[in-house]
Amino acid sequence: MNGFNMEEDFKYLAEKYNPDGEFDGKLYVQCNAKRGLRNADGTGIVAGLTRISNVHGYLVNEYERVPVDGELFYRGINVADLVAGCEKENRFGYDEASWLLLFGELPSASDLGMYSRLIEHCRKIPNNFIDDVIMRTPSRDIMNMLARAVLALYSYDEDPDDISEVNSLRQSMELIGRLPVLMVAAYQAKRRTYDYKSMYLHFPLDGLSTAENILSTLRADRKFTEEEAILLDRCMILHAEHGGGNNSAFVCRAVTSSATDIYSAVAAAIGALKGPRHGGANLKVCDMLDDIKAHVKDIHDDDEITAYLKKILAGEAGDGSRLIYGMGHAVYTKSDPRAVILKREAERMVDEKGYRDDFTLLDAVERLSPALLNSKMVDDTGICANVDMYSGLVYRMLGIPRELFTPLFAVARMSGWCAHRLEEIQTSHKIMRPAYRPLTKKRVYVPISERGDN
Ligand code: COA
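Draft legend 1. Representation of the site of the ligand in the model. Around the ligand sit 18 residues in total, of which Arg 38, Ile 324, Gly 326, Met 327 and Asn 386 are the nearest. Within the backbone of Ile 324, one N or O atom sits 2.7 Å away from a nitrogen atom of the ligand. In the model, a nitrogen atom of the ligand is placed 2.8 Å from a nitrogen or oxygen of the Met 327 main chain. Burial of the ligand by the surrounding chains reaches 72%, relative to a free accessible area of 850 Å².

Draft legend 2. Quick look at the domain arrangement of the protein chain. Domain assignment breaks the protein chain into domain 1 (79-278 + 407-427) and domain 2 (281-397). Measuring from the centre of the C-alpha atoms in domain 1 to the corresponding centre in domain 2 gives 28 Å. If you look at the interface, domain 1 gives 18 residues, while domain 2 gives 19 residues. For the pairing of domain 1 and domain 2, the buried interface totals around 1,600 Å² over both sides, and the portion due to carbon and sulfur atoms is 67%. For the domain 1 face of the interface with domain 2, the top three residues by lost area are Leu 231, Leu 238 and His 242, together amounting to 36%. The tally of links between domain 1 and domain 2 comes to 3 salt bridges. Residue Arg 344 is joined to Glu 87 by a salt bridge in which the shortest nitrogen-to-oxygen separation is 3.9 Å. At the junction of domain 1 and domain 2, the tally comes to 3 residue pairs in polar contact (both at pLDDT 80 or more).

Draft legend 3. Structural view of helix 17 (residues 388-397). For helix 17, the tally of buried residues reaches 10 of 10 residues, placing the bulk of the element in the interior. Turning to helix 17, the residues buried within the fold contact helix 10 (226-239), helix 13 (281-295), helix 15 (337-353), helix 16 (356-373) and helix 18 (405-427). Positive phi shows up at Gly 399, right after helix 17, with a value of about 70 degrees.

Draft legend 4. Representation of the environment of His 329. Positionally, His 329 belongs in the loop between helix 14 (302-313) and helix 15. What makes His 329 partly exposed here is its relative accessible area of 29%. When the C-alpha atoms of His 329 and Val 387 are compared, they prove to be 9.3 Å apart, with 58 residues separating the residues in sequence. For His 329, the contacting residues outside a window of four places in its chain are His 242 and Arg 338. Separated by 2.9 Å, the side chain of His 329 and the backbone nitrogen of Val 331 make a polar contact. Here Tyr 332 takes part through its backbone nitrogen, which lies 3.1 Å from a polar atom of the side chain of His 329.

Conventions used here
Residues numbered from 1 in each chain as written. Predicted model: local features only at pLDDT ≥ 70, side-chain atom pairs only at ≥ 80, totals over all residues. Heavy atoms only, no water. Near = heavy atom within 4 Å. Polar contact = N/O pair within 3.5 Å; in protein donor to acceptor, adjacent residues only side chain to side chain. Areas by Shrake-Rupley, 256 points an atom, 1.4 Å probe, with all protein chains shown as cover. Domains from an automatic or database assignment. Contact = heavy atoms within 4.5 Å. Buried area = accessible area lost by both parts, 1.4 Å probe. Salt bridge = Lys/Arg side-chain N within 4 Å of Asp/Glu carboxyl O. Buried < 20%, exposed > 50% of the residue type's maximum accessible area, 1.4 Å probe, protein only. Helix = DSSP H or I, 4+ residues; strand = E, 2+ residues; numbered from the N terminus.

Below you can see the structure in the form of C-alpha coordinates.
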(Lines give C-alpha, C1' and ligand atoms only; values in the text may rest on other atoms or scores of the structure.)
Protein backbone atom coordinates (compact mmCIF):
# COMPACT_ATOMS: atom_id res chain seq x y z
CA MET A 1 0.00 0.00 0.00
CA ASN A 2 1.31 3.45 -0.95
CA GLY A 3 2.68 5.54 1.90
CA PHE A 4 2.42 2.70 4.39
CA ASN A 5 4.85 3.19 7.26
CA MET A 6 4.13 0.97 10.22
CA GLU A 7 6.45 2.81 12.58
CA GLU A 8 4.82 6.15 11.78
CA ASP A 9 1.36 4.62 12.12
CA PHE A 10 2.17 3.20 15.54
CA LYS A 11 3.57 6.57 16.59
CA TYR A 12 0.38 8.26 15.45
CA LEU A 13 -1.76 5.74 17.33
CA ALA A 14 0.34 6.09 20.49
CA GLU A 15 -0.16 9.85 20.42
CA LYS A 16 -3.85 9.40 19.83
CA TYR A 17 -4.30 6.86 22.59
CA ASN A 18 -5.32 8.49 25.82
CA PRO A 19 -9.05 8.15 26.06
CA ASP A 20 -9.35 8.72 29.79
CA GLY A 21 -6.09 9.70 31.40
CA GLU A 22 -5.85 8.34 34.94
CA PHE A 23 -8.86 7.85 37.15
CA ASP A 24 -8.96 10.27 40.02
CA GLY A 25 -8.24 8.26 43.20
CA LYS A 26 -11.36 9.81 44.79
CA LEU A 27 -13.55 8.10 42.18
CA TYR A 28 -12.66 4.73 43.66
CA VAL A 29 -13.88 5.88 47.04
CA GLN A 30 -17.04 7.51 45.64
CA CYS A 31 -17.93 4.40 43.62
CA ASN A 32 -16.88 2.01 46.37
CA ALA A 33 -14.63 0.30 43.82
CA LYS A 34 -11.79 -1.66 45.38
CA ARG A 35 -8.63 -0.56 43.60
CA GLY A 36 -6.29 -3.57 43.43
CA LEU A 37 -9.11 -5.50 45.13
CA ARG A 38 -8.04 -3.79 48.36
CA ASN A 39 -9.89 -2.07 51.14
CA ALA A 40 -8.99 1.51 52.01
CA ASP A 41 -6.69 0.32 54.83
CA GLY A 42 -4.65 -1.77 52.36
CA THR A 43 -6.08 -5.13 53.42
CA GLY A 44 -7.30 -7.40 50.65
CA ILE A 45 -11.03 -7.86 50.07
CA VAL A 46 -12.14 -11.36 51.01
CA ALA A 47 -12.52 -13.11 47.65
CA GLY A 48 -12.81 -16.68 48.85
CA LEU A 49 -12.16 -19.26 51.52
CA THR A 50 -9.14 -21.53 51.82
CA ARG A 51 -7.69 -24.19 54.04
CA ILE A 52 -4.37 -24.27 52.19
CA SER A 53 -2.40 -21.57 53.93
CA ASN A 54 -2.55 -18.56 56.13
CA VAL A 55 -0.42 -15.45 55.79
CA HIS A 56 -0.48 -13.74 59.16
CA GLY A 57 0.90 -10.21 59.27
CA TYR A 58 -1.12 -8.13 61.73
CA LEU A 59 -3.86 -8.18 64.35
CA VAL A 60 -6.94 -5.98 64.26
CA ASN A 61 -7.75 -4.15 67.46
CA GLU A 62 -10.63 -1.61 67.66
CA TYR A 63 -10.66 -1.51 63.82
CA GLU A 64 -6.95 -0.69 63.70
CA ARG A 65 -4.18 -2.87 62.37
CA VAL A 66 -1.60 -3.77 65.00
CA PRO A 67 1.75 -4.90 63.58
CA VAL A 68 3.07 -8.32 64.61
CA ASP A 69 5.90 -10.57 63.50
CA GLY A 70 4.77 -12.35 60.36
CA GLU A 71 3.94 -16.03 60.33
CA LEU A 72 3.16 -18.33 57.43
CA PHE A 73 1.18 -21.53 57.89
CA TYR A 74 0.82 -24.34 55.37
CA ARG A 75 -2.36 -26.24 56.25
CA GLY A 76 -2.07 -24.87 59.78
CA ILE A 77 1.57 -25.83 60.22
CA ASN A 78 4.05 -23.03 60.77
CA VAL A 79 6.49 -23.01 57.86
CA ALA A 80 9.28 -22.19 60.33
CA ASP A 81 8.54 -25.52 62.08
CA LEU A 82 8.54 -27.30 58.75
CA VAL A 83 11.99 -25.96 57.95
CA ALA A 84 13.22 -26.66 61.51
CA GLY A 85 11.92 -30.25 61.29
CA CYS A 86 13.87 -30.90 58.11
CA GLU A 87 16.95 -29.24 59.55
CA LYS A 88 16.80 -31.38 62.67
CA GLU A 89 16.63 -34.56 60.63
CA ASN A 90 19.07 -33.20 58.06
CA ARG A 91 16.88 -34.01 55.08
CA PHE A 92 15.30 -32.33 52.10
CA GLY A 93 11.82 -30.95 52.71
CA TYR A 94 10.26 -29.66 49.49
CA ASP A 95 8.36 -32.88 48.72
CA GLU A 96 7.01 -32.90 52.26
CA ALA A 97 5.79 -29.29 51.91
CA SER A 98 4.31 -30.13 48.51
CA TRP A 99 2.42 -33.16 49.87
CA LEU A 100 1.20 -31.14 52.84
CA LEU A 101 -0.19 -28.44 50.55
CA LEU A 102 -1.90 -30.89 48.22
CA PHE A 103 -3.17 -33.48 50.68
CA GLY A 104 -3.71 -31.33 53.76
CA GLU A 105 -1.75 -33.50 56.22
CA LEU A 106 1.91 -34.18 56.93
CA PRO A 107 2.85 -37.35 55.04
CA SER A 108 3.83 -40.58 56.78
CA ALA A 109 7.35 -41.78 55.94
CA SER A 110 6.00 -44.33 53.46
CA ASP A 111 3.63 -41.83 51.81
CA LEU A 112 6.48 -39.37 51.47
CA GLY A 113 8.69 -42.04 49.90
CA MET A 114 5.95 -42.92 47.43
CA TYR A 115 5.31 -39.26 46.59
CA SER A 116 9.02 -38.62 45.94
CA ARG A 117 9.14 -41.68 43.66
CA LEU A 118 6.10 -40.43 41.75
CA ILE A 119 7.60 -36.97 41.33
CA GLU A 120 10.82 -38.62 40.19
CA HIS A 121 8.86 -40.55 37.58
CA CYS A 122 7.11 -37.37 36.44
CA ARG A 123 10.50 -35.78 35.69
CA LYS A 124 10.57 -37.95 32.59
CA ILE A 125 9.36 -35.56 29.93
CA PRO A 126 7.38 -37.00 26.98
CA ASN A 127 9.46 -38.05 23.96
CA ASN A 128 10.43 -35.19 21.66
CA PHE A 129 8.83 -32.57 23.90
CA ILE A 130 12.14 -30.85 24.68
CA ASP A 131 13.11 -30.88 20.98
CA ASP A 132 9.77 -29.83 19.55
CA VAL A 133 8.58 -27.31 22.08
CA ILE A 134 11.69 -25.88 23.71
CA MET A 135 14.60 -26.24 21.31
CA ARG A 136 12.69 -25.21 18.20
CA THR A 137 11.20 -22.03 19.64
CA PRO A 138 13.42 -20.91 22.52
CA SER A 139 12.75 -17.66 24.33
CA ARG A 140 15.02 -15.06 25.86
CA ASP A 141 12.69 -15.08 28.83
CA ILE A 142 12.43 -18.39 30.68
CA MET A 143 9.10 -17.51 32.31
CA ASN A 144 7.65 -16.93 28.87
CA MET A 145 9.08 -20.27 27.73
CA LEU A 146 7.69 -22.04 30.80
CA ALA A 147 4.19 -20.66 30.21
CA ARG A 148 4.34 -21.80 26.60
CA ALA A 149 5.74 -25.21 27.55
CA VAL A 150 3.00 -25.71 30.14
CA LEU A 151 0.35 -24.84 27.55
CA ALA A 152 1.96 -27.25 25.08
CA LEU A 153 1.75 -30.09 27.63
CA TYR A 154 -2.00 -30.00 27.00
CA SER A 155 -1.38 -31.69 23.64
CA TYR A 156 0.65 -34.44 25.28
CA ASP A 157 -2.04 -35.26 27.84
CA GLU A 158 -4.55 -37.90 26.80
CA ASP A 159 -7.17 -36.49 29.14
CA PRO A 160 -6.41 -32.76 29.41
CA ASP A 161 -9.93 -31.43 30.00
CA ASP A 162 -11.05 -33.86 32.68
CA ILE A 163 -11.21 -31.70 35.79
CA SER A 164 -12.14 -34.50 38.19
CA GLU A 165 -10.10 -34.52 41.38
CA VAL A 166 -8.28 -37.74 40.52
CA ASN A 167 -7.25 -36.51 37.08
CA SER A 168 -6.35 -33.06 38.43
CA LEU A 169 -4.14 -34.65 41.07
CA ARG A 170 -2.35 -36.71 38.42
CA GLN A 171 -1.84 -33.59 36.29
CA SER A 172 -0.64 -31.61 39.33
CA MET A 173 2.06 -34.13 40.21
CA GLU A 174 3.19 -34.28 36.60
CA LEU A 175 3.51 -30.49 36.52
CA ILE A 176 5.35 -30.39 39.87
CA GLY A 177 7.81 -33.01 38.60
CA ARG A 178 8.21 -31.60 35.11
CA LEU A 179 8.57 -27.87 35.65
CA PRO A 180 12.15 -28.00 37.03
CA VAL A 181 13.25 -30.10 34.04
CA LEU A 182 11.53 -27.75 31.60
CA MET A 183 13.11 -24.77 33.34
CA VAL A 184 16.65 -26.10 32.96
CA ALA A 185 16.05 -27.13 29.33
CA ALA A 186 14.55 -23.71 28.54
CA TYR A 187 17.62 -22.06 30.04
CA GLN A 188 20.00 -24.25 28.06
CA ALA A 189 18.15 -23.48 24.83
CA LYS A 190 18.32 -19.79 25.63
CA ARG A 191 22.07 -20.02 26.35
CA ARG A 192 22.75 -21.65 23.03
CA THR A 193 20.43 -19.55 20.88
CA TYR A 194 20.85 -16.09 22.36
CA ASP A 195 24.13 -16.17 24.31
CA TYR A 196 26.11 -18.31 21.82
CA LYS A 197 27.26 -20.57 24.64
CA SER A 198 27.44 -24.35 24.82
CA MET A 199 24.29 -26.19 25.70
CA TYR A 200 24.24 -29.33 27.82
CA LEU A 201 21.09 -31.29 28.51
CA HIS A 202 21.73 -33.57 31.46
CA PHE A 203 19.08 -36.09 32.38
CA PRO A 204 17.61 -35.84 35.89
CA LEU A 205 19.00 -38.56 38.16
CA ASP A 206 16.85 -40.94 40.16
CA GLY A 207 17.27 -40.82 43.91
CA LEU A 208 17.96 -37.08 44.02
CA SER A 209 15.67 -34.44 45.50
CA THR A 210 14.25 -31.67 43.30
CA ALA A 211 16.86 -29.20 44.58
CA GLU A 212 19.72 -31.63 43.93
CA ASN A 213 18.43 -32.37 40.45
CA ILE A 214 18.15 -28.68 39.60
CA LEU A 215 21.79 -28.08 40.59
CA SER A 216 22.94 -31.29 38.95
CA THR A 217 21.29 -30.59 35.60
CA LEU A 218 22.17 -26.91 35.60
CA ARG A 219 25.90 -27.35 36.08
CA ALA A 220 28.16 -28.64 33.32
CA ASP A 221 30.07 -30.95 35.71
CA ARG A 222 26.87 -31.92 37.62
CA LYS A 223 28.74 -31.29 40.91
CA PHE A 224 27.23 -29.59 43.95
CA THR A 225 27.64 -29.75 47.71
CA GLU A 226 25.00 -30.96 50.13
CA GLU A 227 24.92 -27.51 51.78
CA GLU A 228 24.14 -25.88 48.43
CA ALA A 229 21.29 -28.29 47.70
CA ILE A 230 19.89 -27.91 51.22
CA LEU A 231 19.92 -24.12 50.85
CA LEU A 232 18.02 -24.36 47.57
CA ASP A 233 15.58 -26.83 49.12
CA ARG A 234 14.83 -24.44 52.01
CA CYS A 235 14.32 -21.63 49.54
CA MET A 236 11.84 -23.80 47.64
CA ILE A 237 9.90 -24.70 50.80
CA LEU A 238 9.56 -21.00 51.60
CA HIS A 239 8.34 -20.17 48.08
CA ALA A 240 5.89 -23.07 47.77
CA GLU A 241 2.75 -21.21 48.76
CA HIS A 242 1.49 -17.86 49.97
CA GLY A 243 -2.28 -17.77 50.35
CA GLY A 244 -5.15 -17.61 47.88
CA GLY A 245 -4.93 -13.84 47.58
CA ASN A 246 -1.42 -13.65 46.19
CA ASN A 247 -1.63 -12.53 42.60
CA SER A 248 -0.65 -15.73 40.78
CA ALA A 249 -2.67 -18.07 43.03
CA PHE A 250 -5.66 -15.81 42.60
CA VAL A 251 -5.17 -15.82 38.83
CA CYS A 252 -4.92 -19.62 38.92
CA ARG A 253 -8.16 -19.81 40.90
CA ALA A 254 -9.93 -17.27 38.67
CA VAL A 255 -9.03 -19.17 35.50
CA THR A 256 -9.88 -22.50 37.17
CA SER A 257 -13.30 -21.16 38.14
CA SER A 258 -14.33 -21.20 34.47
CA ALA A 259 -13.79 -24.98 34.62
CA THR A 260 -11.04 -24.85 32.02
CA ASP A 261 -8.00 -27.17 31.92
CA ILE A 262 -5.07 -27.09 34.34
CA TYR A 263 -2.56 -26.06 31.68
CA SER A 264 -4.47 -22.85 30.93
CA ALA A 265 -4.75 -22.04 34.64
CA VAL A 266 -1.09 -22.69 35.44
CA ALA A 267 0.23 -20.91 32.35
CA ALA A 268 -1.77 -17.84 33.42
CA ALA A 269 -0.32 -18.10 36.94
CA ILE A 270 3.21 -18.22 35.48
CA GLY A 271 2.41 -15.06 33.51
CA ALA A 272 1.25 -13.34 36.68
CA LEU A 273 4.31 -14.38 38.67
CA LYS A 274 6.59 -13.01 35.95
CA GLY A 275 5.65 -9.42 36.78
CA PRO A 276 8.09 -7.26 38.80
CA ARG A 277 5.40 -6.46 41.35
CA HIS A 278 5.20 -10.18 42.08
CA GLY A 279 7.86 -12.85 41.45
CA GLY A 280 10.02 -10.63 39.28
CA ALA A 281 11.04 -8.55 42.31
CA ASN A 282 14.01 -10.75 43.25
CA LEU A 283 15.74 -9.73 40.01
CA LYS A 284 14.97 -6.12 40.74
CA VAL A 285 16.58 -6.47 44.18
CA CYS A 286 19.78 -7.75 42.56
CA ASP A 287 19.81 -4.89 40.06
CA MET A 288 19.24 -2.45 42.91
CA LEU A 289 22.06 -4.03 44.92
CA ASP A 290 24.47 -3.67 41.98
CA ASP A 291 23.36 -0.10 41.44
CA ILE A 292 23.91 0.83 45.09
CA LYS A 293 27.31 -0.87 45.07
CA ALA A 294 28.27 1.14 42.01
CA HIS A 295 27.31 4.45 43.59
CA VAL A 296 27.99 4.09 47.31
CA LYS A 297 31.67 4.30 48.23
CA ASP A 298 31.48 2.88 51.74
CA ILE A 299 28.95 0.10 52.33
CA HIS A 300 29.44 0.54 56.08
CA ASP A 301 28.42 4.20 55.98
CA ASP A 302 24.72 4.32 56.89
CA ASP A 303 24.48 8.02 56.03
CA GLU A 304 25.79 7.50 52.52
CA ILE A 305 23.44 4.55 51.95
CA THR A 306 20.48 6.51 53.33
CA ALA A 307 21.25 9.40 50.99
CA TYR A 308 21.26 7.02 48.04
CA LEU A 309 18.02 5.33 49.11
CA LYS A 310 16.44 8.80 49.23
CA LYS A 311 17.57 9.33 45.65
CA ILE A 312 15.94 6.04 44.65
CA LEU A 313 12.69 7.11 46.29
CA ALA A 314 12.84 10.44 44.49
CA GLY A 315 13.21 8.64 41.16
CA GLU A 316 16.70 10.12 40.68
CA ALA A 317 18.50 6.79 41.00
CA GLY A 318 17.86 3.10 40.42
CA ASP A 319 15.37 2.15 37.72
CA GLY A 320 13.28 5.28 38.15
CA SER A 321 10.35 3.39 39.71
CA ARG A 322 10.82 5.14 43.11
CA LEU A 323 10.69 1.70 44.73
CA ILE A 324 13.12 0.19 47.17
CA TYR A 325 12.84 -3.39 46.00
CA GLY A 326 12.74 -6.12 48.62
CA MET A 327 10.85 -3.85 51.02
CA GLY A 328 7.14 -3.95 51.73
CA HIS A 329 4.36 -6.45 51.64
CA ALA A 330 0.61 -6.41 51.28
CA VAL A 331 0.10 -8.40 54.51
CA TYR A 332 3.30 -8.55 56.57
CA THR A 333 4.07 -5.57 58.77
CA LYS A 334 6.84 -6.20 61.33
CA SER A 335 8.53 -9.07 59.50
CA ASP A 336 8.15 -11.51 56.63
CA PRO A 337 8.96 -14.96 58.10
CA ARG A 338 10.35 -16.13 54.76
CA ALA A 339 12.83 -13.25 54.69
CA VAL A 340 13.84 -13.96 58.29
CA ILE A 341 14.56 -17.64 57.58
CA LEU A 342 16.21 -17.02 54.23
CA LYS A 343 18.45 -14.31 55.69
CA ARG A 344 19.57 -16.72 58.42
CA GLU A 345 20.16 -19.55 55.91
CA ALA A 346 21.95 -17.24 53.48
CA GLU A 347 24.29 -15.86 56.12
CA ARG A 348 25.67 -19.35 56.75
CA MET A 349 27.17 -19.36 53.28
CA VAL A 350 28.12 -15.74 52.59
CA ASP A 351 31.72 -15.92 53.82
CA GLU A 352 32.49 -19.22 52.09
CA LYS A 353 31.05 -17.88 48.81
CA GLY A 354 32.54 -14.38 49.09
CA TYR A 355 29.25 -12.48 49.36
CA ARG A 356 29.69 -10.82 52.75
CA ASP A 357 29.60 -7.28 51.29
CA ASP A 358 26.35 -7.97 49.43
CA PHE A 359 24.82 -9.37 52.58
CA THR A 360 25.95 -6.34 54.61
CA LEU A 361 24.48 -3.97 52.06
CA LEU A 362 21.10 -5.76 51.91
CA ASP A 363 21.03 -5.79 55.69
CA ALA A 364 21.64 -2.03 55.65
CA VAL A 365 18.82 -1.48 53.14
CA GLU A 366 16.54 -3.52 55.39
CA ARG A 367 17.56 -1.50 58.48
CA LEU A 368 17.52 1.96 56.93
CA SER A 369 14.53 1.85 54.57
CA PRO A 370 11.64 1.73 57.06
CA ALA A 371 12.40 5.23 58.36
CA LEU A 372 12.24 6.51 54.78
CA LEU A 373 9.16 4.57 53.76
CA ASN A 374 6.92 4.85 56.81
CA SER A 375 5.45 8.16 55.69
CA LYS A 376 4.15 6.50 52.48
CA MET A 377 2.23 3.80 54.30
CA VAL A 378 -1.55 3.98 54.70
CA ASP A 379 -1.21 3.47 58.46
CA ASP A 380 1.66 3.22 60.93
CA THR A 381 1.93 -0.57 60.90
CA GLY A 382 5.42 -0.34 59.48
CA ILE A 383 7.25 -1.91 56.58
CA CYS A 384 9.63 -4.85 56.53
CA ALA A 385 11.95 -6.69 54.17
CA ASN A 386 10.14 -9.26 52.07
CA VAL A 387 11.30 -12.66 50.83
CA ASP A 388 12.83 -11.17 47.69
CA MET A 389 15.37 -9.17 49.66
CA TYR A 390 17.49 -12.28 50.20
CA SER A 391 16.34 -14.85 47.62
CA GLY A 392 18.37 -13.27 44.81
CA LEU A 393 21.47 -13.34 47.00
CA VAL A 394 20.90 -17.02 47.73
CA TYR A 395 20.60 -17.79 44.02
CA ARG A 396 23.73 -15.80 43.25
CA MET A 397 25.67 -17.71 45.89
CA LEU A 398 24.48 -20.96 44.31
CA GLY A 399 25.76 -19.78 40.92
CA ILE A 400 22.23 -19.77 39.51
CA PRO A 401 21.96 -17.47 36.48
CA ARG A 402 19.71 -14.44 36.91
CA GLU A 403 17.38 -15.61 34.13
CA LEU A 404 16.33 -18.41 36.48
CA PHE A 405 15.58 -16.40 39.61
CA THR A 406 11.88 -15.96 38.88
CA PRO A 407 11.48 -19.37 37.16
CA LEU A 408 12.80 -21.01 40.34
CA PHE A 409 10.04 -19.23 42.22
CA ALA A 410 7.54 -20.70 39.73
CA VAL A 411 9.00 -24.18 40.13
CA ALA A 412 8.53 -24.00 43.89
CA ARG A 413 5.12 -22.31 43.68
CA MET A 414 3.69 -25.00 41.40
CA SER A 415 2.64 -26.99 44.49
CA GLY A 416 0.71 -24.00 45.86
CA TRP A 417 -0.98 -23.26 42.53
CA CYS A 418 -2.05 -26.88 42.12
CA ALA A 419 -3.38 -27.01 45.69
CA HIS A 420 -5.44 -23.88 45.00
CA ARG A 421 -6.74 -25.27 41.73
CA LEU A 422 -7.81 -28.48 43.43
CA GLU A 423 -9.48 -26.56 46.23
CA GLU A 424 -11.27 -24.27 43.76
CA ILE A 425 -12.56 -27.30 41.83
CA GLN A 426 -13.62 -29.08 44.99
CA THR A 427 -15.20 -26.27 46.94
CA SER A 428 -16.37 -23.33 44.85
CA HIS A 429 -18.37 -24.42 41.77
CA LYS A 430 -18.91 -20.79 40.83
CA ILE A 431 -17.29 -18.80 38.04
CA MET A 432 -15.47 -15.69 39.32
CA ARG A 433 -17.12 -12.71 37.83
CA PRO A 434 -16.50 -9.39 39.60
CA ALA A 435 -17.99 -6.15 38.28
CA TYR A 436 -16.41 -3.01 36.86
CA ARG A 437 -18.49 0.07 37.30
CA PRO A 438 -18.92 1.88 33.96
CA LEU A 439 -18.06 5.58 34.00
CA THR A 440 -19.10 6.57 30.49
CA LYS A 441 -22.38 8.21 29.67
CA LYS A 442 -24.48 7.12 26.67
CA ARG A 443 -23.43 8.69 23.37
CA VAL A 444 -24.96 8.90 19.94
CA TYR A 445 -23.47 6.78 17.15
CA VAL A 446 -22.22 9.08 14.35
CA PRO A 447 -21.91 7.67 10.80
CA ILE A 448 -18.33 7.64 9.53
CA SER A 449 -19.10 10.16 6.79
CA GLU A 450 -20.07 12.71 9.44
CA ARG A 451 -17.06 12.32 11.72
CA GLY A 452 -14.64 14.60 9.93
CA ASP A 453 -11.02 13.75 9.23
CA ASN A 454 -8.36 14.94 11.65
N1 COA B 1 9.44 1.35 47.94
C2 COA B 1 8.81 2.51 47.70
N3 COA B 1 7.51 2.72 47.94
C4 COA B 1 6.82 1.69 48.47
C5 COA B 1 7.42 0.46 48.78
C6 COA B 1 8.79 0.31 48.48
N7 COA B 1 9.42 -0.84 48.71
N8 COA B 1 6.50 -0.35 49.30
C9 COA B 1 5.34 0.33 49.33
N10 COA B 1 5.56 1.57 48.82
C11 COA B 1 4.55 2.58 48.62
C12 COA B 1 3.48 2.06 47.66
O13 COA B 1 3.88 2.28 46.30
C14 COA B 1 2.28 2.86 48.04
O15 COA B 1 2.38 4.15 47.48
P16 COA B 1 1.13 4.76 46.66
O17 COA B 1 0.02 4.84 47.68
O18 COA B 1 1.65 6.07 46.22
O19 COA B 1 0.81 3.82 45.55
C20 COA B 1 2.45 3.03 49.54
O21 COA B 1 3.85 2.81 49.80
C22 COA B 1 1.65 2.06 50.34
O23 COA B 1 2.01 0.76 49.96
P24 COA B 1 1.32 -0.52 50.59
O25 COA B 1 -0.16 -0.44 50.41
O26 COA B 1 1.83 -0.78 51.94
O27 COA B 1 1.96 -1.61 49.69
P28 COA B 1 1.22 -2.44 48.58
O29 COA B 1 0.50 -3.53 49.25
O30 COA B 1 0.49 -1.55 47.63
O31 COA B 1 2.44 -3.04 47.79
C32 COA B 1 4.38 -4.22 47.37
C33 COA B 1 3.16 -4.11 48.26
C34 COA B 1 5.18 -5.44 47.74
C35 COA B 1 3.94 -4.32 45.88
C36 COA B 1 5.22 -2.93 47.56
O37 COA B 1 5.64 -2.88 48.89
C38 COA B 1 6.38 -2.87 46.61
O39 COA B 1 6.24 -2.44 45.47
N40 COA B 1 7.61 -3.28 47.08
C41 COA B 1 8.77 -3.28 46.25
C42 COA B 1 8.73 -4.43 45.27
C43 COA B 1 8.93 -5.77 45.99
O44 COA B 1 9.86 -5.93 46.76
N45 COA B 1 8.07 -6.73 45.68
C46 COA B 1 8.15 -8.07 46.27
C47 COA B 1 6.89 -8.49 46.89
S48 COA B 1 7.07 -9.99 47.78
